[in-house]
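Examining the three-dimensional arrangement
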Amino acid sequence: MPLQQKLLITFLPVVLLPLAIAGVWSGITTYQRTLQQAELRLKNQARLTAVLMHKELERKASFLSIAARDSAVLEATRKGSQMVETNQLHTLPIDRVETLFQQKRLVPFTSMLPSQLEKLPSLDGFPDLLLTERNGLNLLSSAPPNDAVQRDEAWWETARTRGEWVGSPQLDVSNNRVMIEMAQPVIDPESGDFLGVLKGGYEIAQLKHLKGELGNLQLTETEQVQIVAIAGHATPVSTLTAQEVLDTPKILGGTEIMSKLYEVIKTSTSAESSTEEEFSIATHKMEDRDRWYMIAKVPDADWLVVASIERSSIQAATFQVLSIFAFVFLGLSAIAMMIILRVSQRFSAPLNQLSQAAQLVTDRADFTVQIPVSSQDRETRVLADSMNQLIQRVQQLLKEQAQAQQQLETANQTLEAQVDARTLELHEKAQRLEETLRELKSTQAQIVQTEKMSSLGQLVAGIAHEINNPVNFIHGNVGHVRDNVQDLLDLIELYEQDAGKPTAAIADKIEEIDLEFLQQDLPKLLASMKVGTERI
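The structure displayed is predicted, hence computed values, not measured ones.

Glancing now at the overall build of the protein. Along the backbone of the protein there are 11 helices and 12 strands. Of all 536 residues assigned to the protein, the portion counted as buried reaches 32%. Entry remark: accessible area of the protein is about 33,500 Å², with carbon and sulfur atoms responsible for 56%.

This is the structure:
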C-alpha cells in the first residue's frame, strides 16, 4: 500500500471522527435545545396571557368593587333590604315572589332609590348592571332581568360567600353580543354587614385590546393562544393568532384538551390560583399527533389559557439547524481532507524517493549507491544522510565479514585436527575407565554379600535370645500352674460332693462354661504347653 494512502487511512479517521462526534452531539443538543425553547416559549405565552387576563379581570372587578362601595349603592341596598324585610318579601317562597313581580322583575320601590343609581348603567365597560339587596331581590337592572330573585343562583351565592364571582362568556340573544359577567358583594364599610350584590356584564369584544398587550409574544403562523372559561362546561373566550383575535366556539385540541382542562381546574391548588407572578404560574404540558399544548390557569378565576404550536414547525426549525450543522460538518471534513492530502503528499514524496533508492540497493546488492538529498525538510535530509551512512557502514561490515570468514575457515581447520587428536585420547581413557568400573562393581558385590551374611547372623542370634527368655519363663512356671490348677479342680470336685444340689444361678453358670469339659481339657492343655516349651 502506498505511503500516501496509508497516511490518509491513518489521519482521516483521527480528524473526521472527532468532527463526526462533535456534529452528532451538537445536533442532538440543538434538537433538545430547540424542543426546550419551543416548550419554554409556549410556557411564557401561556403564563403571560394568564397574567394579563388576570389583570384585566382584576381591572374590571375593581370597577365593580368601587361601584359597590359607592355611597349611593350602599344607601340603595340598605333601603331596599329594609323595604323587602318590612314587607316580609324575603320570607315568601321564590315562586311566590316571581309571580308578584313577573312584569318588571324588580322590587316596586325603585322610585325611592337615590337618583345617583341611574348613572350605574354607564359604568365604564359595563353596559349591563344588576343590583340586588341582601335577600337576593332585584333593585335595579340596566336590562330586563330573567328572574326577580337571585339568591338561588350560583353566581349570587358565590359572590356573597367568596367575595367575587367571574362567569363564562354567554351569548345575549337580545342584542346578539357575547358577554362576560362578574359580581361583587356590597359590604357595609362601618359594620361589615352584607347588603347585597352588584353584577355587571361587559362585551367579550373588549378583550381585543389584549392583542396589543400580547404583541411581544410575536406569535408565529402555527402558534395560537386561547382563553377558555370553565363554568360547568368549557367556553372559549378568545383565540389569538399571529394575524387577529378570533371569537371561535371551538376548543383548541378538541375533546382531549377539554378533558385536560377540567383536570387542571380540579387539581389546581390555592397557591397556583392566588398568584399573579408570571413565572410562579404552574403550567401543564400535553401533546397529540399534530400539536403541542401548554395550559396555564388564570389566578383567582376558573379560566385557563391554552398556548399551542404545530409539531411540524418545531421539526422544521430543528431540521433547519441540523442542516446547518451538517453543511458545516461537511465543509470542515472537506477542508480536513484537503489539508491531509497536502500534508501526506509533502511527507510521502521524499519518503518514496528514499524507499526507491533503498529498494535499488537491496535488489542489486550494490552498496556503492548514494541517495541524493533534494528535500528542503531538515528531517528528510537527516534521514537521507543517515541512509547513506548506513549503506557505507553496511559495505564496510561486509568487507570485515569476508575477512572474518577467511579467518574462521583457517581456525576451523586447525580446530578439527585438534579435535580428532583429543577424541582419540579420550577414547583410550574411556576404555581404561570402563575396565576399572567393572572391577569396582565386582568388589562392591562381594563386600555387600559379606555384610548381608554378617547382619543376618546377628539378627538370628538376637531373635533366638529374645525367644528363649520368655519361653524359659513359661517352661519354668508351667509345672506350678499345672499343680495349682489341679488343686482347684480337686476343690471344685470336693465342693460338688459336699454341697449337694447347686443353686439355679450356679447351675446356669456351670452349663454356660461347660465345667465338665474344662475339668478334662485344662490338664491336657497344660501338659501340651509343657511339651511345647521343652521342644523349644
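Further remarks concern the packing of aromatic side chains. All told, the structure shown has two aromatic pairs when counted by the stated rule. Measuring from ring centre to ring centre gives 6.1 Å for Trp155 and Trp165, while their planes differ by 45°; the resulting arrangement is tilted. You can see Trp155 sitting in helix H4 (residues 154–162) and its partner Trp165 sitting in strand S3 (residues 165–166), a full 10 residues away along the chain. Across the pair, Trp165 and Trp155 agree in class, each one buried.

Taking 1.5 Å per residue, 16 residues should reach 22 Å; helix H2 (residues 71–86) reaches 22 Å between its end C-alpha atoms and fits that length. Among the residues of H2, Ala72, Val73, Leu74, Ala76, Thr77, Gly80, Ser81, Met83 and Val84 are the ones counted as buried. Backbone geometry just after H2 places Gln88 at a positive phi near 55°.

Before going further, it helps to spend a moment on H4. Listed in full, the buried residues belonging to H4 are Trp155, Trp156, Thr158 and Ala159. Down the axis of H4, the sector holding all buried residues measures 165°, keeping them to one side. Residues of H4 that are exposed and point more than 90 degrees away from the buried face comprise Ala154 and Thr161.

In this section: the side chain of Thr158. By the secondary structure assignment, Thr158 is in helix H4. Every residue in contact with Thr158, bar those within four places of it in the chain, is listed here: Gly163, Glu164 and Trp165.

This part is about a negative patch on the surface. Taken together, the side chains of Asp483, Asp487, Asp490, Glu493 and Glu496 make up a negatively charged region of the molecular surface. Among the structural elements, Glu493 can be located in helix H9 (residues 378–499).

This part takes up the pairing of strand S12 (residues 303–310). Within S12, seven of the eight residues are buried, which leaves it mostly tucked inside the rest of the structure. Pairing analysis gives seven bridges linking strand S11 (residues 291–297) to S12, with the strands arranged antiparallel. Note that in S12 the partner of Ala296 across the bridge is Val305. Between S11 and S12, which pair antiparallel one after the other, the connecting turn spans five residues, and Asp300 there sits at a positive phi close to 65°.

Counting 51 residues, the largest nonpolar core has Leu57, Leu137, Val186, Val298 and Trp303 as the members making the most contacts within it. For this core, the element with the most residues is helix H1 (residues 3–68), which contributes 12 residues. Excluding anything up to four places from it in sequence, Trp303 contacts Met53, Leu57, Val166, Gly167, Ile180, Ile227, Val228, Ala229, Val237, Ala296, Lys297 and Val298. With 14 residues, the next largest nonpolar core counts Ile251, Val264, Ile265 and Ile295 among its residues.

In this section: the confidence of the model for the protein. Averaged over every residue, the pLDDT of the protein is 78; residues scoring 70 or more account for 81%. Scored below 50 in pLDDT, residues 269–279 makes 20 contacts in the model with residues more than four places away or belonging to other chains.

Side chains carrying opposite charge are able to pair once their charged atoms draw close together. Within this structure, the stated rule accounts for 15 salt bridges. With a closest N to O distance of 3.1 Å, Glu181 and Lys199 form a salt bridge. A residue pair is termed long-range when its members are at least 10 positions apart, and Glu181 in strand S5 (residues 177–187) and Lys199 in strand S6 (residues 194–203) qualify at 18 residues. The exposure class of Glu181 is partly exposed, given its relative accessible area of 28%. Taking relative accessible area as the criterion, Lys199 reaches 12% and is therefore assigned buried. Between Glu287 and Lys285 there is a salt bridge whose closest N-O contact spans 3.2 Å. Classification of Glu287 by relative accessible area gives partly exposed; the value is 35%. Connected through salt bridges with shared partners, the residues Glu39, Lys43, Lys285, Glu287 and Arg311 form a single ionic network.

Turning to a nonpolar patch on the surface, a few remarks are in order. Together, Ile324, Val328, Leu332, Ile335, Ile339 and Val343 make up an exposed nonpolar region whose accessible area comes to about 510 Å². Structurally, Val343 can be placed in helix H8 (residues 311–364). With relative accessibility at 38%, the residue Val343 sits in the partly exposed group.

Moving on: the pairing of S11. For S11, the buried fraction is high: seven of the seven residues fall into the buried class. Burial along S11 is two-sided: Arg291, Tyr293, Ile295 and Lys297 and Trp292, Met294 and Ala296, pointing in opposite directions, are all buried. Across five bridges, strand S10 (residues 283–287) lies against S11 in antiparallel orientation. When the sheet's bridge partners are listed, Glu287 is paired in S11 with Trp292. From the end of S10 to the start of S11, which pair antiparallel, there are three residues.

Cut-offs used in this document
Residues numbered from 1 in each chain as written. Predicted model: local features only at pLDDT ≥ 70, side-chain atom pairs only at ≥ 80, totals over all residues. Heavy atoms only, no water. Helix = DSSP H or I, 4+ residues; strand = E, 2+ residues; numbered from the N terminus. Buried < 20%, exposed > 50% of the residue type's maximum accessible area, 1.4 Å probe, protein only. Areas by Shrake-Rupley, 256 points an atom, 1.4 Å probe, with all protein chains shown as cover. Phe/Tyr/Trp six-rings, centres within 6.5 Å; stacked < 30°, edge-to-face > 60°. Expected span 1.5 Å × (residues − 1). Arc of directions from axis to C-beta. Contact = heavy atoms within 4.5 Å. Patch = residues over 30% accessible without salt bridge, like charges linked within 9 Å, V, L, I, M, F, W, Y side chains within 5 Å. Salt bridge = Lys/Arg side-chain N within 4 Å of Asp/Glu carboxyl O. Lys, Arg positive; Asp, Glu negative; His and termini not counted. Charge placed at Lys NZ, Arg CZ, Asp CG, Glu CD. Pairing = 2+ DSSP bridges. Core = buried A, V, L, I, M, F, W, Y, C linked by side-chain atoms within 4.5 Å. pLDDT = per-residue confidence, 0-100.

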